[in-house]
Amino acid sequence: MTIENQVKQRQTRAGDTVLSVSDLHVTFPSEAGLVRAVRGLSFDLAAGETLGIVGESGSGKSVTSLAVMGLHPPTTRISGSIKLHGRELLGTSDEELSKIRGRDLAMVFQDPLSALTPVYTVGDQIAEAIQAHYDVSKSKAMARAVELLDLVGIPDPKTRVKSFPFEFSGGMRQRVMIAMAIANDPDVIIADEPTTALDVTIQAQVLEVLKTAQRETGAAIIMITHDLGVVANMSDRVIVMYAGRPVETGVVDDIFYRPRMPYTIGLLGTVPRLDQSGNGALPVLEGNPPSVVELPPGCPFRPRCPMAVEECGLVEPDLLPADGPGHAAACLRLDEVIEKNLDHSELYPAPVMAASSLAEVPREERPSVLKLTGLKRHFPLMKGAIYRRRIGTVYAVDGIDLDLREGETLGLVGESGCGKSTTLLEILNLGKPTAGTIEVLGRDTSTLRRGERKKLRADLQVVFQDPMASLDPRLPIFDVVAEPMGVHGYRKDEIESRVADLLKLVGLEPSHADRYPQHFSGGQRQRIGIARALSLEPKVVVLDEPVSALDVSIQAGVINLLDDLQSKLGLSYLFVAHDLAVIRHIADRVAVMYLGKIVEIGDVDQVYNDPAHPYTQALLSAAPIPDPNLERSRQRIVLSGDLPGPADPPSGCKFRTRCFRYNLLDSEQQARCRDVVPELYQRAGDHGAACHFAGPVRPEELTNA
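The structure presented is a predicted model; accordingly, all values stated were derived computationally and were not measured. (Residues numbered from 1 in each chain as written. Predicted model: local features only at pLDDT ≥ 70, side-chain atom pairs only at ≥ 80, totals over all residues. Heavy atoms only, no water.)

1. Digging into the sheet that holds strand 9 (residues 237–242)
If you walk across this open sheet you meet the eight strands as 6-7-8-3-9-10-12-11, and the pairing is mixed. Where the open sheet ends on each side, the last strands, each with one partner, are strand 6 (105–108) and strand 11 (320–321). Relative to strand 9, strand 3 (residues 50–54) is paired through four bridges, and the arrangement is parallel. Among the inter-strand pairings, I53 is bridged to a residue of strand 9, identified as I239. Sheet strands touched by helix 2 (residues 61–69): strand 3, strand 6, strand 7 (188–192), strand 8 (220–224) and strand 9. Its angle to strand 6, the strand with the most contacts, is close to 145°. Along the sheet face, helix 9 (residues 200–217) touches strand 3, strand 7 and strand 8 and points at about 155° away from the line of strand 8. (Pairing = 2+ DSSP bridges. Helix = DSSP H or I, 4+ residues; strand = E, 2+ residues; numbered from the N terminus. Contact = heavy atoms within 4.5 Å. Axes fitted to C-alpha atoms, helices over the stretch in contact; angles between N-to-C directions.)

What follows is the structure, given as structure tokens:
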């Protein structure tokens, strides 16, 4: 009997309820007390529907998904009701739930490398998911695995079915997880932050695969994410959670265009947008979510709410009907919000930033603080454990030119593996590259002596991506911030005074200097990292994904802080990020990297409004925008395949193997792309692109993409 004959026939039609969650409460024991992670969540999920669940870290999103799947440890107390097709799942034995998980309920986890078993091939793991529920032979299950890999867009699925997870890129591993999730035609797919760690191009591919899977299976999807652009792109309905409770629910248009809970209004207002120029500061949602161990009475959002009144501290508001069918919000002042139609500009006005003294100075008149000329960094590719031999070269950075001026922010973007981090390391190392030159404040780093290198290092500081990993957990933050000054010979009284000033400068209390990093929130830890970077009064700060690990509400405060510090201190930033909206807001100029080379560079608004290189066009097209109407009308350029390896890059134009424009060229033009490396030529003003056929996207190219 074939798998298709054994797979259950759907008893539901589009619109029928498949999953019903009612008054769900999830509580964990802890040393501090009971953690009430989810408090009274209710929703119905219809076949073919996508429900987005959003909120800051700790709001209860992932805890909800694990409760639905029955994956919490035995010590967890869960009450309420979770029904699948009317069957109660709470109280069901793990043995019975195992028959449902993977067949009726499936989950796509955030980190596919952790979710996949490293010692089994992906084909074996997909086949196991099928054979766990249906009586089919291994050969038939493997044939089905090949079909599923083909469905989710894995190239050459007959060969790749025998590959191990580590042989796939992050995006391809996530596709394998989706293939496994849809293997048994589930009724509900829970996607828990499925695109968080992915580049925008791979994210676009994964979202398209999820949509394809939904069309093929008719499944309902629960999309858990903090990316509001993904929610706008994917969701039919949205639940906004705060402190374990839903505080606003409604169809996606109600949430994005008519938010009624002050928290939702603030959350949407703090997001930088890809389609808007970054002039001015971002609105900021001050404070942090409360601990759910011992919540005080009243509305949990009250300490951060600009509309809070005394009554808000007495009782926690229930969800009340707002101004649309199915639209509800939990706020005591809901009628006033609706009547005045309040938005984020009224509730959360953006702070006024001091103008920089360099703002009126033309760029060409400012001194250069960092200059890369023909920079290359190649690494030998070795083989063998005892007798090692060189078998190739990794072209990590393959000839780039960059120029950063005083008081300027240069954004560096591109997919993982394009050479961004290697470029930063070459700059920070202050050494001699494989080829080319690095000049910091006019000094060629390859000619520096040891003492000169140490002195110059004070002028070049770095802020890392993960604030917790970059701060020593054994040291109080006074010592963390003071350490660089001690290395460079500052006096003890100078250090004490400067640490206090630096903590004030980044918006922290000097009285908290004796606390340890783990006592601070993620945004506060990043501010500590910025204070440490500023301790030696640098002129250039390298920022490596400084806000990617933060919630959007906290991210806005850090971005505003960086802008304010630049205006006050005349700093120059080299800002690396994969979030293109953040780059548009904070950067003056942007450089786009692909396989170790700059493919487009120029004024940030010029590049974003009129991208000329096909790769830049694909990047901007793939980035989601938190606007449902705009997302519905956008025509995306979804790149095929993954980034080629830097050890064996394509000849000629390195992007041609993924280029949607290449396939529409005639044979002579294609030969030019294959054989001739395109130079970075200037278009209008400061705008340059490295493409033989640079220009706007044509309609026929969109069809081809």
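2. Topic: the packing of aromatic side chains
Considering all chains together, one arrives at seven aromatic pairs under this definition. Consider the rings of F164 and F166, whose centres lie 6.0 Å apart with planes at 15°: the pair is stacked. Among the residues examined, F164 registers a relative accessible area of 28% and is labelled partly exposed. Plain terms: the ring middles of Y263 and F301 are 5.4 Å apart, the flat faces sit at 65° to each other, and that makes the pair edge-to-face. With Y263 in helix 12 (residues 262–269) and F301 in the loop between helix 12 and strand 11, this pair connects stretches of sequence that are 38 residues apart. Members of the aromatic cluster, connected to one another through ring pairs, are Y242, Y263 and F301. The ring of F693 has R672 lying over it, and the distance from NZ or CZ to the ring centre is 5.7 Å. (Phe/Tyr/Trp six-rings, centres within 6.5 Å; stacked < 30°, edge-to-face > 60°. Buried < 20%, exposed > 50% of the residue type's maximum accessible area, 1.4 Å probe, protein only. Lys NZ or Arg CZ within 6 Å of the ring centre and 35° of its normal.)

3. Things to note about the sheet that holds strand 17 (residues 443–444)
Taken in spatial order, the four strands line up as 14-13-16-17 in an open sheet, and their pairing is antiparallel. Each of the sheet's edge strands pairs with one partner strand only, and the pair in question is strand 14 (389–405) and strand 17. Pairing of strand 13 (residues 368–383) with strand 16 (residues 435–440) involves five bridges; the strand directions are antiparallel. Counterpart to K376 in the pairing with strand 16 is A435. The strands that helix 15 (residues 420–429) touches are strand 13, strand 14 and strand 16; relative to strand 13, the one it contacts most, it runs at about 115°.

4. Focus: the nonpolar core
Considering soluble globular proteins, one finds that nonpolar side chains tend to be buried as a cluster. One finds I530, L580 and Y608 to be the most contacted residues of the largest nonpolar core, which totals 72 residues. Here the element with the most residues in this core is helix 21 (residues 552–569); it accounts for seven residues. Here Y608 is in contact with L274, L580, I583, R584, V590 and L620, once residues within four sequence places are set aside. Counting 43 residues, the second largest nonpolar core, distinct from the first, contains V161, V176, M180 and L198. (Core = buried A, V, L, I, M, F, W, Y, C linked by side-chain atoms within 4.5 Å.)

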